[in-house]
Amino acid sequence: MLRQAVGAVLDGELRVDVGQVLPLRDAAEAHRRLESGRTTGKLVLAMEQE
């Protein structure tokens, strides 16, 4: 099922609505936003590049 879902995203058949991207160091803030309902779409935590 996961392969089908990823394939659908890659083929453009399924769209993921990313509402916000925050750096991983702001995970606590991301959690607060999710709990409060102040988000629309998905909230993504981005890994920092070295």
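Quick caveat, the model's predicted, so the values are computed rather than measured. (Residues numbered from 1 in each chain as written. Predicted model: local features only at pLDDT ≥ 70, side-chain atom pairs only at ≥ 80, totals over all residues. Heavy atoms only, no water.)

## So, the overall build of the protein chain
How we decide: By definition, any uninterrupted DSSP run of H or I lasting at least four residues is a helix, any uninterrupted run of E lasting at least two residues is a strand, and each is numbered from the N terminus. For a compact globule the rule gives 2.2 Å times the number of residues to the power 0.38, and the radius of gyration it is set against comes from C-alpha atoms. Throughout this description, buried means an accessible area under 20% of the type-specific maximum (1.4 Å probe, protein chains only), exposed means over 50%, and partly exposed covers the range between. Contact definition: two residues touch when any of their heavy atoms are within 4.5 Å. Charged residues are defined narrowly, with Lys and Arg counted positive, Asp and Glu counted negative, and His plus the chain ends left uncounted. By convention, charge coordinates are those of NZ in Lys, CZ in Arg, CG in Asp, or CD in Glu.
Broken down by element type, the protein chain carries 2 helices and 2 strands. Its C-alpha atoms give the protein chain a radius of gyration of 13 Å, more than 25% over the compact-globule value 10 Å for 50 residues. For the protein chain, the C-alpha atoms occupy an extent of roughly 30 × 30 × 15 Å along the three principal directions. In the protein chain, buried positions account for 10% of the 50 residues. The contacts of the protein chain with a sequence gap of at least 6 include a subset with a gap of at least 24, amounting to 22%. Averaging the locations of the 7 positively and 8 negatively charged side chains of the protein chain gives two centres separated by 4 Å.

## Focus: the pattern of salt bridges
The condition is simple: We define a salt bridge as a contact between a side-chain nitrogen of Lys or Arg and a carboxyl oxygen of Asp or Glu at a distance within 4 Å.
In the structure shown here, the tally under the stated rule is 2 salt bridges. Note that Glu-29 is salt-bridged to Arg-32, the shortest N-O span being 3.2 Å. Of this pair, Glu-29 and Arg-32 are both found in helix H2 (residues 27–36), 3 residues apart, which corresponds to roughly one turn of the helix. Classification of Glu-29 as partly exposed rests on a relative accessible area of 22%.

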